[in-house]
Amino acid sequence: MKIDINDVKQRLIESFKTNPIFNENNIGIDNTPEDKIFGFILKFQEIFNFNLDNLYEKLKTLKLEPLSVYSNNGVVSYDANENVGSISLIALKNDEENKYNVDNLFSQILLMTATSNGNHYGFGNERLLDSLNKACTYMIASYISGSSENNYTEEELTFLNLLDITLTYTNSKIDFVTAYLSGNGKLLKEVLNRVGITDDILNEINYLQEAKLNGVHIPDRFASIENKINRNFALLVSNRVIKGIDPINKYKSRLFNDKVLGTVGADKVRSAMEKALDYVAKKQNNIVNINDYNKGNVMQKAA
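Below, the structure is looked at part by part. (Residues numbered from 1 in each chain as written. Predicted model: local features only at pLDDT ≥ 70, side-chain atom pairs only at ≥ 80, totals over all residues. Heavy atoms only, no water.)

This next bit is on the overall build of the protein chain. Looking only at helices and strands, the protein chain has 14 helices and three strands in total. Taking all 303 residues of the protein chain together, 49% fall into the buried category. Looking at the protein chain alone, contacts between residues at least 24 apart form 65% of all its contacts between residues at least 6 apart. (Helix = DSSP H or I, 4+ residues; strand = E, 2+ residues; numbered from the N terminus. Buried < 20%, exposed > 50% of the residue type's maximum accessible area, 1.4 Å probe, protein only. Contact = heavy atoms within 4.5 Å.)

Set out below in structure tokens:
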């Protein structure tokens, strides 16, 4: 879409003038929060067709605070009720190599602010999607400000990418980014349930993140969740709900790859899934109706 730079500047000046933490004269001055917000809006509008009226309004009262060292929210958070964004001081002061990518963290706050509604942001109006909502925030921020070497959503991003492929190739009427920007968590969860992702699986994803943010790392739980998501995808393929080689290849490319997880069986999960998908792909390449094959054998390979 065509961006009116002067209009963006004027809207920001109006917002900054009412908020004492900002100085409208800093627009155009590198590395100031005001100029980062200006750059964020230009990039965001370049990528997405999104109405930013809510962001301009929220900027009038937005507060930015350091995240408490006692917080279990990772390195960035946003309180929609209070309109307060927070970034960890560890990420701000003790990250000389910028492994957390402060620009990414700041973009996450702006995304959460822009999509906030009541006490939630993104598709957070559906509690069971909370962890995936945070992962989607990071993913969209990465489109705008680049990714980071360190983040708290790596496992959740793996799930999100696998599930997004499932949504795409089941011709679902919504995807994660669309749900995030439209605030439609209810429809997103309904569609996920419809394609086989149960509330129990979504609960497990939330539990995994909560444990991680509290300093408890349970990679075996990650392997278990990924296995369930993989089995569901294999079932959709074997039932020809998902057709063709392209979705299979894309799915395989998104499978988590980390040698560290070999000790808890995640590497075996990945290997089994790849073999199962190769099996299905070969049959589809030979133009053979996969329903004529023993679905149980396919699912056993995926298990």
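Following the structure, the description resumes.
The subject of this paragraph is the sheet that holds strand β3 (residues 84-88). Reading across the sheet, the three strands line up as β1-β3-β2 and stay open at both edges, with mixed pairing between neighbours. The open sheet terminates on both sides in strands that have one partner only, identified here as β1 (63-67) and β2 (76-79). Pairs of neighbouring strands in the sheet enclose a mean axial angle of 25°, with direction left out of account. For β2 and β3, the ladder comprises four bridges, and the chain directions are antiparallel. From the neighbouring strand, V76 faces β3, where its bridge partner is I87. Packed onto the sheet, helix α5 (residues 102-114) meets β1, β2 and β3 and runs at close to 20° relative to β2. (Pairing = 2+ DSSP bridges. Axes fitted to C-alpha atoms, helices over the stretch in contact; angles between N-to-C directions.)

This next bit is on the packing of helix α7 (residues 154-169) against helix α12 (residues 245-254). A pair of packed helices can be characterised by two numbers: the angle between their axes and the separation between those axes. Following both chains from N to C, one finds α7 and α12 inclined at 175°, their axes separated by 9 Å at the closest point. One way to sum up the angle between α7 and α12 is to call them roughly antiparallel. Taking contact as the criterion, the partners of T158, N161, L162, I165, T166 and Y169 in α7 are, on α12, D246, P247, K250, Y251 and R254. Taken together, the residues of the contact of α7 with α12 sort by class into five nonpolar, three polar and three charged. (Parallel < 35°, antiparallel > 145°, perpendicular 65-115°, else oblique. Nonpolar A, V, L, I, M, F, W, Y, C, P; charged D, E, K, R; others polar.)

Time to look at the nonpolar core. In terms of nonpolar packing, the biggest core is built from 77 residues, with L12, L132 and F176 touching the most fellow members. The greatest single-element share of this core, amounting to eight residues, is contributed by helix α6 (residues 130-145). Ignoring anything within four residues of it in the chain, the contact list for L12 reads I27, I37, F38, I41, Y56 and L59. (Core = buried A, V, L, I, M, F, W, Y, C linked by side-chain atoms within 4.5 Å.)

Here we take up the packing of aromatic side chains. Counted under the stated rule, the structure contains 10 aromatic pairs. A network of ring pairs unites the aromatic residues F40, F44, F48, F50 and Y143 as a single cluster. (Phe/Tyr/Trp six-rings, centres within 6.5 Å; stacked < 30°, edge-to-face > 60°.)

Okay, the packing of helix α1 (residues 5-17) against helix α2 (residues 33-47) next. Orientation of α1 relative to α2, taken along the N-to-C sense of each, is 140°, at an axis distance of 11 Å. Viewed along their axes, α1 and α2 adopt a mutual orientation that is oblique. Once α1 is placed against α2, the crossing between them reads as right-handed. Along the contact surface, α1 presents I5, V8, K9, L12 and F16, while α2 presents E34, I37, F38, I41, L42 and Q45. Of the residues that constitute the contact of α1 with α2, the class distribution is eight nonpolar, one polar and two charged. (Left-handed = near helix turned anticlockwise from the far one by under 90°.)

One non-glycine residue, N31, lies in the positive phi region at around 70°. Note on N31: relative accessible area 65%, which makes it exposed. Even without glycine at this site, N98 takes up a positive phi of about 55°. Secondary-structure assignment places N98 in the loop between α4 (89-93) and α5.

The end-to-end C-alpha distance of α1 is 18 Å, a good match for the 18 Å that 13 residues give at a rise of 1.5 Å each. Looking at the buried residues of α1, the elements they touch are α2 and α3 (53-59). Sitting at the head of α1, D4 places a side-chain oxygen 3.2 Å from the backbone nitrogen of N6. (Expected span 1.5 Å × (residues − 1). Polar contact = N/O pair within 3.5 Å; in protein donor to acceptor, adjacent residues only side chain to side chain.)

Residue placement: S116 occurs in the loop between α5 and α6. A polar atom in the side chain of S116 sits 2.7 Å from the backbone oxygen of T113. Excluding its chain neighbours within four sequence positions, the residues that come into contact with S116 are N54, K58, Y78, A80 and Y121.

Inspection of every chain in the model, using the stated rule, returns 11 salt bridges. Across the salt bridge formed by K60 and E57, the nearest N and O atoms sit 3.3 Å from each other. What emerges from the salt-bridge pattern is a single network uniting E97, K99 and E149. (Salt bridge = Lys/Arg side-chain N within 4 Å of Asp/Glu carboxyl O.)

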